[in-house]
Structure formats: C-alpha cells, structure tokens
Amino acid sequence: MNEVDDVQTQSRPTIPIMKPWLGEEEAQAAAAAIASGWVAQGPRVAAFEEAMEVALQARHAIAVSSCTTALHLCMVVLDIHAGDEVVVPSLSFIATANAVRYVGGTPVFADVDPVTQNLTAETIEAVLSPATRAVVVVHQGGMPADLDEIHRLCDPRGVAVVEDAACAIGSTYRGSPIGGHSDLVALSFHPRKVITTGEGGMILTRREAWAERLKRLREHGMSVSAAARHESTTLVVEEYLETGYNFRMTDIQAAVGIVQLGRLGEIVRRRRELAARYQEGLASVPGIGVASDPPYGETNFQSFWVVLSSEFPLERNDLITFLMARGISPRRGIMASHLEPAYRGHPHLDLPVTEALTRRSLLLPLYHALSDDEQDRVIDGIREAAGLERP
Ligand SMILES: *Cc1c(COP(=O)(O)O)cnc(C)c1O
C-alpha cells in the first residue's frame, strides 16, 4: 500500500468503479455443488440454462466459459473463415473484434452513434461489402442498440446478426428482454457485468440445430455429453463429430449463477435508480452529457458514462486524476479497438465518432451496494472540478 492509499483508507474508503453483489446464498450454493461431488458441467449448468431461457424469453441457452468463447463459437456456427468480413464496432471491449480473428475472418470496424455509442443501420451500411457475412452488434454498457433497423438492413442481404450482449443482461428492447431478438446472442458473467459467476458466458439461439451444434462444440465435438453418459445405465460410446473445444462452464459457477439470476430484477432496479440520481445531480453541470435510455428500450446501466464537451474546463484524464485524488475510481470510457497495438496496420475507414467518444468519455462508479452518500461524493467531485459550488 502506498502513502496515498494509506491516507485514503484512513479517511474514507475509495469508491470503486464496480463491486459484484454476492452474498451468503451464493456461497451456500457453491458449497452445495462441491458437496454433491459433481463440479464440472452437469445438472446445475442445465438448470442455469433453463432459468436463463425463461428469464430472457430465449429459446435455447448454452452455457460456456466466457462471453469471449461464446462469441468465438458464434463465429464457428456461422462458418466464418478466411476471406469473410464481419462488421464490428471498434468502440467495444477488444474481445468483440478478436472473436472474428480466431476463425480467420476479417473484422471490419464501423463507427457508432454519438448518443447510444452503438452501431446503427447507417454506420453498418457504410462498410458493407460483397464479402460481409455477419455483423456483431454490441449493446454497449447495457445500452440497447436499435435491433429492428439493423435486422431490416441485414436480413434481406443474408448478413447474420450476432448480438454481443455481454453487458446487457436485464436491458430491454421494445418491451422485451435483450436475448430473444436475434439467432445468436452472447452474454457475459464476468464480475464487471450485471450478474456474475466469477467467469462465465452464455449463447442464446432461436435455432434448435445450432443449439445442438453449440453444445457439441463447447465439449470437444462429442456426440453425447459427459453428463448424459454418466446418467446412462448402458454402455455409451461417444463419437467426436468435428473439432470442438473445451469451453464448458462448471457446476460450481452455474450454482452461483442461478442465485445471481434471482437477484437480477433487484439489481437492475437499483442501478436504474442510481443512474437517475446521477442524471439529476449532473444536469446543471455545463459541458457534460450523460448516458440515458434510448426511445426504443431501457438500459440496465451496466456502465454509466459521461461525455465531456469542450465546455467542460478539464480534459478527461485530468478529471479522472482529480476524482482519484478524492478517493473515487472512475474509468476511461469504452476503448477503441482500432487504436490498440493488436490492430496496428489493420485497415479501416475513418471513425470520427468512435475516436471522440473514447477520448472524451469516462465511466462513473455504479454498483448495487453504492450508497446515496457515496454517490453524492462522486457528483460533488465532478461539480467541484467544473468550478461549481455544492448544491
Ligand atoms: C466484457 C465484454 C466481453 C468479454 O466478456 P468475457 O466474459 O470477459 O469474455 C465481450 N464483449 C463486450 C462488449 C464486453 O463488455
């Protein structure tokens, strides 16, 4: 611990960007899975999948080890390979673009809308080519993208729509949960997201044949799952039908996930309440734009972003430093993958909105257990940075 940390802990605890909300029930559920002796993918994974299908109104759910592996398998079932283009936002966690590279495809970066920070039919259309096979639409920070207009563009052209809903469990689009609007939707249960299993992910699909293939692909391409073989009273000899992977979730993780899913409604309700307090507390600060619901849906506010205009007296990094000196841990806004060394030299069109957003935005602390008083410290810090008196 350095001196600065020391001073902070003596006065007031640092407010982190995110804290998962895990309790005694999750601990007991994990303990019960361990006591059962079945710790790899088994009955609890199946139960978690069923519970997610019901909660998100999705036809088939396939649990996997992360959203990154979920996206990877989406590329495999779509049969993306060398020479195929897949449109992705650069303004996303880098795993979105990497998934396309895992199968030898070419990620093509499209720009985003300045308000929702998501792809739109217009930004996608600008980069479509005869080689475009799919689009990965990200619901950034939980903010739903406008799926109907994207399907209207892509469906008639035979361009598959994959939703990267890593952050969007509990968000809605035109009144129904994100998860049931496309043939492939990928979810994350990383602790930075809304509900967590430590690490973990899931694929939702409307197609039964894809569900079956995805279940095989996560388990080495096996014709019979290990769980089914275990339950059989007669000899079952499995076959390996294609080159698969080990992308399984464990039953210990799924046990935690089932409890977390039960808390989803309460978590989203509190996140939206905190977001409304931020919106109100920051409304009178000049030079600040804040995240808010789009007209066609509701975000779970997995991230609450603030975008600074030139009217704001500090640069983004200086505001982060200012807040950190007050024991508050914001984060820079959404990254731009095309600016990372991993994509140096990767060709792309101009991405002016992406570059402005990644340079000018930051994410504020927002988590279930954040108290009103703690949140007021964040709001007061920003008002102070803007040269305003406390209200
Ligand atoms: C977090 C995140 C991922 C990766 O999720 P993991 O479960 O950590 O692999 C992918 N895409 C987006 C948009 C994310 O926010």
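Residues numbered from 1 in each chain as written. Predicted model: local features only at pLDDT ≥ 70, side-chain atom pairs only at ≥ 80, totals over all residues. Heavy atoms only, no water.

Caption draft 1: Layout of unusual backbone geometry. Even without a glycine there, the phi angle at R174 is positive, about 45°. Tracing the sequence through the fold places R174 in the loop between strand 6 (172-173) and strand 7 (176-177). In the Ramachandran plot, H220 falls in the positive-phi region, its phi being about 65° despite a non-glycine side chain. Along the chain, H220 falls in the loop between helix 8 (208-217) and helix 9 (226-231). With a relative accessible area of 33%, H220 lands in the partly exposed category. (Helix = DSSP H or I, 4+ residues; strand = E, 2+ residues; numbered from the N terminus. Buried < 20%, exposed > 50% of the residue type's maximum accessible area, 1.4 Å probe, protein only.)

Caption draft 2: Structural detail: the side chain of D111. Along the chain, D111 turns up in the loop between strand 3 (106-110) and helix 6 (121-125). Within the buried set, D111 has no salt-bridge partner at all; the shortest N-O distance to an opposite charge, 11 Å, is to R359. A polar atom in the side chain of D111 sits 2.6 Å from the side chain of T354. Setting aside residues up to four positions removed in sequence, D111 forms contacts with L119, T123, D350, L351, P352, V353 and T354. (Lys, Arg positive; Asp, Glu negative; His and termini not counted. Salt bridge = Lys/Arg side-chain N within 4 Å of Asp/Glu carboxyl O. Polar contact = N/O pair within 3.5 Å; in protein donor to acceptor, adjacent residues only side chain to side chain. Contact = heavy atoms within 4.5 Å.)

Caption draft 3: Local environment of the site of the ligand. Around the ligand, the structure places 14 residues, and the nearest of them are C67, T68, D164, S188 and K193. One of the side-chain nitrogen or oxygen atoms of T68 is found 2.5 Å away from an oxygen atom of the ligand. K193 places a side-chain nitrogen or oxygen 2.6 Å from an oxygen atom of the ligand. Alone, the ligand offers 380 Å² of accessible surface; in the complex the protein occludes 92% of this. A per-class count over the shell around the ligand returns five nonpolar, seven polar and two charged. (Near = heavy atom within 4 Å. Areas by Shrake-Rupley, 256 points an atom, 1.4 Å probe, with all protein chains shown as cover. Nonpolar A, V, L, I, M, F, W, Y, C, P; charged D, E, K, R; others polar.)

Caption draft 4: Examining the environment of F109 more closely. Relative to the helices and strands, F109 is located in strand 3. A C-alpha to C-alpha distance of 35 Å links F109 and A385, two positions 276 residues apart in sequence.

Caption draft 5: Highlighting the environment of S176. With respect to the helices, strands and loops of the structure, S176 is situated in strand 7. We classify S176 as partly exposed; its relative accessible area is 21%. The spatial distance from the C-alpha of S176 to the C-alpha of G297 is 8.6 Å, given a sequence separation of 121 residues. Leaving out residues up to four positions away in the same chain, S176 has contacts with Q57, S171 and H181.

Caption draft 6: The arrangement of the sheet that holds strand 12 (residues 304-308) in detail. Read across the sheet, four strands follow the order 10-12-14-13 without closing on themselves; strand pairing throughout is antiparallel. At either margin of the open sheet sits one strand with a lone partner, and together these are strand 10 (288-290) and strand 13 (331-332). Sheet topology places strand 12 next to strand 14 (residues 361-364); four bridges connect them, and they run antiparallel. Following the sheet pairing, V306 is matched in strand 14 by L362. Taken strand by strand, helix 12 (residues 316-324) contacts strand 12, strand 13 and strand 14, and its axis lies near 25° from that of strand 14. (Pairing = 2+ DSSP bridges. Axes fitted to C-alpha atoms, helices over the stretch in contact; angles between N-to-C directions.)

Caption draft 7: Molecular detail of the nonpolar core. Ranked by internal contacts, the top residues of the largest apolar core, which has 78 residues, are M52, L187, M202, Y278, F304, F312 and L364. At seven residues, the largest contribution of residues to this core is made by helix 11 (residues 264-282). Apart from residues no more than four positions distant in its own chain, Y278 is found in contact with F304, L364, P365, L366, L370, Q375, V378 and I379. Judged by nonpolar contacts, the second largest core, of 36 residues, contains L73, I80, A134 and A166. (Core = buried A, V, L, I, M, F, W, Y, C linked by side-chain atoms within 4.5 Å.)

Caption draft 8: Molecular detail of the packing of helix 11 against helix 14 (residues 372-385). One can describe the packing of helix 11 onto helix 14 by two numbers: an axis separation of 10 Å at closest approach and a directional angle of 30°. The orientation of helix 11 with respect to helix 14, classified from their angle, is roughly parallel. Relative to helix 14, the crossing made by helix 11 is right-handed. Residue-level inspection shows R270, L274, R277, Y278, G281 and L282 of helix 11 in contact with helix 14, the latter providing D372, Q375, D376, V378, I379, I382 and R383. Here the contact of helix 11 with helix 14 is composed, by residue class, of six nonpolar, two polar and five charged. (Parallel < 35°, antiparallel > 145°, perpendicular 65-115°, else oblique. Left-handed = near helix turned anticlockwise from the far one by under 90°.)

Caption draft 9: The arrangement of the pattern of salt bridges in detail. Across all of its chains, the model carries 20 salt bridges by this definition. Residues E273 and R269 are paired through a salt bridge, measuring 3.1 Å at the closest nitrogen-oxygen approach. A residue pair is termed a helical-turn pair when its members lie 3 or 4 positions apart in one helix, as E273 and R269 do in helix 11 at four residues. Residue class for E273 comes out partly exposed when judged on its relative accessible area of 36%. A salt bridge links E384 to R326, with the shortest nitrogen-to-oxygen separation between them at 3.5 Å. With E384 in helix 14 and R326 in the loop between helix 12 and strand 13, this pair connects stretches of sequence that are 58 residues apart. Looking at R326, the relative accessible area reads 28%, which means it is partly exposed. Among the charged side chains, a network of salt bridges with common partners joins R269, R270, E273, R277, D372 and D376.

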